[in-house]
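# Structure assessment
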Amino acid sequence: RAFMLKDQVELLLSGRIKSDDLIEDVSEIIKKSVEENDVSLFDKYFGYDAFQNYLIEPEIEQHISKLKEHRGDSVKIALKYFNTRFLQLAFYYACQKGNLTIATYLMTNYQLPGDLDISVTEFQKFLVTEKKLEGPPLRLAVESGNLDLVKYIYEHTEATVESSIG
């Protein structure tokens, strides 16, 4: 299989791999990176310019519509969509596992907002987790028990304690 996300998106759109293959491969990279505390895997897989392909929430729906309507460069559109969702999945997983290094790396190097409140459960099927990866990352960090991660997210985002109780 291809090593970079861009290559895998091209294979997916050409029908040479299934979406589950893509999700499984990304999940392995995320899991390995978090478990080994190795940020270099993200740069190798997503590319050093992945932050340029990150979409904010309203743009995601627009990209899905473009894909369904076959408008524009489908590889570029799909790459931005998957790039965004997989970086979010990695961030949620890192927060749940209490991995300060990976979480801060994703926030600083990929300019990921740390106060997301989305559901990435559709992409987590290949990550063995105790709970679903949903809700505010601050709550996941609290549940992980890593107080340094909790403090970092609280101080560097607009996340509120009230939104993280539940």
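Our subject is the structure that appears above.
Residues numbered from 1 in each chain as written. Predicted model: local features only at pLDDT ≥ 70, side-chain atom pairs only at ≥ 80, totals over all residues. Heavy atoms only, no water.

Structurally, Phe-42 can be placed in helix α3 (residues 40–46). Given a relative accessible area of 0%, Phe-42 falls into the buried group. Linking Phe-42 and Leu-89, residues 47 residues apart in sequence, is a C-alpha distance of 12 Å. (Helix = DSSP H or I, 4+ residues; strand = E, 2+ residues; numbered from the N terminus. Buried < 20%, exposed > 50% of the residue type's maximum accessible area, 1.4 Å probe, protein only.)

Attention shifts here to the environment of Phe-3. By the secondary structure assignment, Phe-3 is in the segment before α1 (5–13). Between the C-alpha atom of Phe-3 and that of Phe-46, which follows or precedes it by 43 residues, the distance is 9.3 Å. The residues contacting Phe-3, other than those within four sequence positions of it, are Lys-44 and Tyr-45. (Contact = heavy atoms within 4.5 Å.)

A separate point is the pattern of salt bridges. Tallied over the full model, the rule gives two salt bridges. A salt bridge links Lys-6 to Glu-10; the nearest nitrogen and oxygen atoms lie 2.7 Å apart. Taken together, the residues span about one helical turn, with Lys-6 and Glu-10 both in helix α1 at a distance of four residues. Put simply, Glu-28 and Lys-31 hold a salt bridge, and the shortest N to O gap is 3.4 Å. You can see Glu-28 and its partner Lys-31 sitting in helix α2 (residues 19–36), three residues apart, about one turn around the helix. Judged by relative accessible area, Lys-31 falls into the buried class, the value being 17%. (Salt bridge = Lys/Arg side-chain N within 4 Å of Asp/Glu carboxyl O.)

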